[in-house]
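Structural description and commentary
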Amino acid sequence: MFTHHCTACERRQLMFVRQISDVAPVADGLEVSFTCWCGAEQTGVLDDLTAGSTRAPQRALAAA
Ligand SMILES: [Zn+2]
């Protein structure tokens, strides 16, 4: 489990590992993609799978 501040519902939510749809290694940890309880697709970075909360990715995401 870990906490994540959802950018859609603006709440700090507790996420379960089973909500994770994808995990990708990045320079500063693991980038996890998951679905918030509100239904929004979210992405965050964990130091590792035992980390207690996500943080924003350091690398800039390409703007649409
Ligand atoms: Zn949400």
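Up top you'll find the structure we're talking about.
Residues numbered from 1 in each chain as written. Predicted model: local features only at pLDDT ≥ 70, side-chain atom pairs only at ≥ 80, totals over all residues.

Judged by nonpolar contacts, Phe2, Met15, Val32, Phe34 and Leu46 together constitute the single largest core of five residues. Excluding anything up to four places from it in sequence, Leu46 contacts Phe2, Gly29, Leu30, Val32, Ala51 and Thr54. (Core = buried A, V, L, I, M, F, W, Y, C linked by C-beta atoms within 7 Å. Buried ≥ 20, exposed ≤ 12 C-beta atoms within 10 Å, placed from the backbone. Contact = placed C-beta atoms within 7 Å.)

Turning to the sheet that holds strand β5 (residues 41-46), a few remarks are in order. Strand order in this open sheet of three strands is β3-β4-β5, and the pairing throughout is antiparallel. Looking at which strands have only one partner, the edges of the open sheet turn out to be β3 (20-26) and β5. On average, adjacent strands in this sheet sit at an angle of 20° to one another, irrespective of strand direction. Of the strand pairs in this sheet, β3 and strand β4 (residues 29-35) are connected by six bridges, and their pairing is antiparallel. What sits directly across from Val26, in β4, is Gly29. (Pairing = 2+ DSSP bridges. Helix = DSSP H or I, 4+ residues; strand = E, 2+ residues; numbered from the N terminus. Axes fitted to C-alpha atoms, helices over the stretch in contact; angles between N-to-C directions.)

Moving on: unusual backbone geometry. A positive phi is found at Glu10, a non-glycine position, where the angle reads about 60°. Within the fold, Glu10 resides in the loop between β1 (2-5) and β2 (12-15). With 8 C-beta atoms packed within 10 Å, Glu10 lands in the exposed category.

Burial of β3 is sparse: only zero of the seven residues sit out of reach of the surface. What sits between the antiparallel neighbours β3 and β4 is a turn of two residues.

We now examine the environment of Asp22. Within the secondary structure layout, Asp22 lies in strand β3. With 9 C-beta atoms counted inside 10 Å, the residue Asp22 sits in the exposed group. Measuring from C-alpha to C-alpha, the distance between Asp22 and Ser33 comes to 5.0 Å, with 11 residues separating the pair along the chain.

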